[in-house]
Amino acid sequence: MTRRYLLRTFGCQMNEHDSERIAGLLSAEGMVPTEEAERAEIVVLNTCAVRENADNRLYGHLGHLRPLKERNPRMRVVVAGCLAQKDRGLIQRRAPWVDVVIGTHALPALLDLIRRAEEEGPQMDVREFTEVFPSALPARREVAHHAWVSIAVGCDNRCTFCIVPLVRGPQLSRPIGDVLAEVQGLARRGVVEVTLLGQNVNTYGRDITIPDSPRKPLFAELLRAVNGVEGIRRIRFTSPHPHDFTPDVIDAMAGSEKVCEHIHFPLQSGSDRVLRAMNRSYRSARYLSWLERIRGAIPEVAVSTDVIVGFPGETEEDFRATLDVVAEARFDQAYTFQYSPRPGTAAFQVPPEEHVPKQVVQERFDRLLTLQEEISLGRNRELVGRTVEVLVEGEGRKGRAQGRTRGNKVVHFDGEPAPGRFVEVEVVAAHPHHLSGAAHQPAGV
Ligand code: SF4
């Protein structure tokens, strides 16, 4: 009888891509996906430790699964991802009906652990290092025209608010030949857009040594190599660190026609004092000068950012410095977050009396959002009347087609919502979070 699995993913793109690999492993065993927990024999919760209240949410989900498992003793419950790596034995102590706890480095062992759980009882593998680079595993992708391609895992930085180095370990880059082989294979299967993934993507290759060569493959070199893969029309990457947008990376972006004119340039704070407390390696003036250099080299570039509001000790003056940098940088888009402590991070140690009161954080957050919406609208208005290339993602709001520009802006337009199709769209209206357009003619598939 065909076995069914239910897979729930929480968190970031790295986790989504891990879930594609979990789905790939289960599918390779002949299992099929289901959305109904009652019908599933394998339930996998792929957790994220970055999001607020991640553990409460996990135990909430596990609580719902408990009676289902009592009714269906064949069901196996797997907890994977960053929270599994971080909390380890705690999960099975709090939820003894969990069959497998599998950390971020142990994915290749998933099927074996499930088998052993069936024969011997609960299993856990939270090894500290990756022996097989995760992308070597099969992946089951939901979208035919786009693929995530993991090029590195882990991070060597120590931003004080971030849990990633603890749960994903130091940076481990994938050999350039393996990345290229995967991208070539994807192109042969009809993928036209790839997003290169790494926790600190633009330090790719710094941990690799090539025999008989003093050189290390660097991110710029990888961008150029992927740019040469026939069939691929768009290249994106995430998530970079501003510090590592070195001149060679900017040159490679500017000189590689398939690399999209979009960068994510995480600011986090505009206050030098807060940046120091966050252990970010740049200060606001340096950040703005890097941005100017990027815009000089890639004039059409769209820039998005991350900003954390209410980091412990943030004063009104610090926050105003953030508003000033945001106003000067004129980001196309900003992902704004209210600081909340994450167990395991350095900032978690800050005593509660140094935390910014919740209502103050909320009030600052609202001011930042108002400013950014105004800026985003202004940036989007600059595109009205222009014709842009849109890669169709499918059906969006009100039955209209939805796609993205090379600058990663969402566009709604009347036309066929055929995913993977390129369409020329004239922008007729701008909104803070999307553009509205009228399709011209197909730009080829
Ligand atoms: S560079 Fe990014 S992934 Fe690395 S510690 Fe800082 S925020 Fe986390």
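## Considerations on the pairing of strand β4 (residues 76-81)
With six of six residues buried, β4 lies mostly within the body of the structure. Two strands pair when backbone bridges link them, and strand β3 (residues 42-47) and β4 are joined in this way by six bridges, in the parallel orientation. Paired with V43 across the two strands is V77, which belongs to β4. Where β4 meets strand β5 (residues 100-102), three bridges bridge the pair, whose relative direction is parallel.

## Details of the sheet that holds strand β11 (residues 234-238)
Whether parallel or antiparallel, the strands of a sheet pair through hydrogen bonds between backbone atoms. Across the sheet, which stays open at both edges, the three strands sit in the order β7-β10-β11 with parallel pairing between neighbours. Two strands bound the open sheet, and with one partner strand each, they are β7 (146-150) and β11. Strand after strand, the sheet turns through a mean of 25° between neighbouring axes, direction not considered. Packed on one face of the sheet, helix α7 (residues 176-188) meets β7 and β10 (193-197) and runs near 170° to β7.

## Brief notes about the domain arrangement of the protein chain
Accessible area lost on assembly of the parts is the figure often given for the size of an interface. Domain boundaries in the protein chain define domain 1 (4-125), domain 2 (143-260), domain 3 (270-277 + 289-382) and domain 4 (387-442). For domain 1 versus domain 3, the distance between C-alpha centres works out to 34 Å.

## Focus: the sheet that holds strand β6 (residues 123-125)
Here six strands make up an open sheet; going across it, the order is β2-β1-β3-β4-β5-β6 and the pairing parallel. Strands at the two margins of the open sheet, each flanked by one partner only, are β2 (32-33) and β6. Its contacts with the sheet place helix α1 (residues 13-28) against β1 (4-9), β2, β3 and β4, and it is angled at close to 175° to β1. Taken strand by strand, helix α2 (residues 54-71) contacts β1, β3 and β4, and its axis lies near 175° from that of β3.

Analysis parameters
Residues numbered from 1 in each chain as written. Predicted model: local features only at pLDDT ≥ 70, side-chain atom pairs only at ≥ 80, totals over all residues. Buried ≥ 20, exposed ≤ 12 C-beta atoms within 10 Å, placed from the backbone. Helix = DSSP H or I, 4+ residues; strand = E, 2+ residues; numbered from the N terminus. Pairing = 2+ DSSP bridges. Axes fitted to C-alpha atoms, helices over the stretch in contact; angles between N-to-C directions. Contact = placed C-beta atoms within 7 Å. Domains from an automatic or database assignment.

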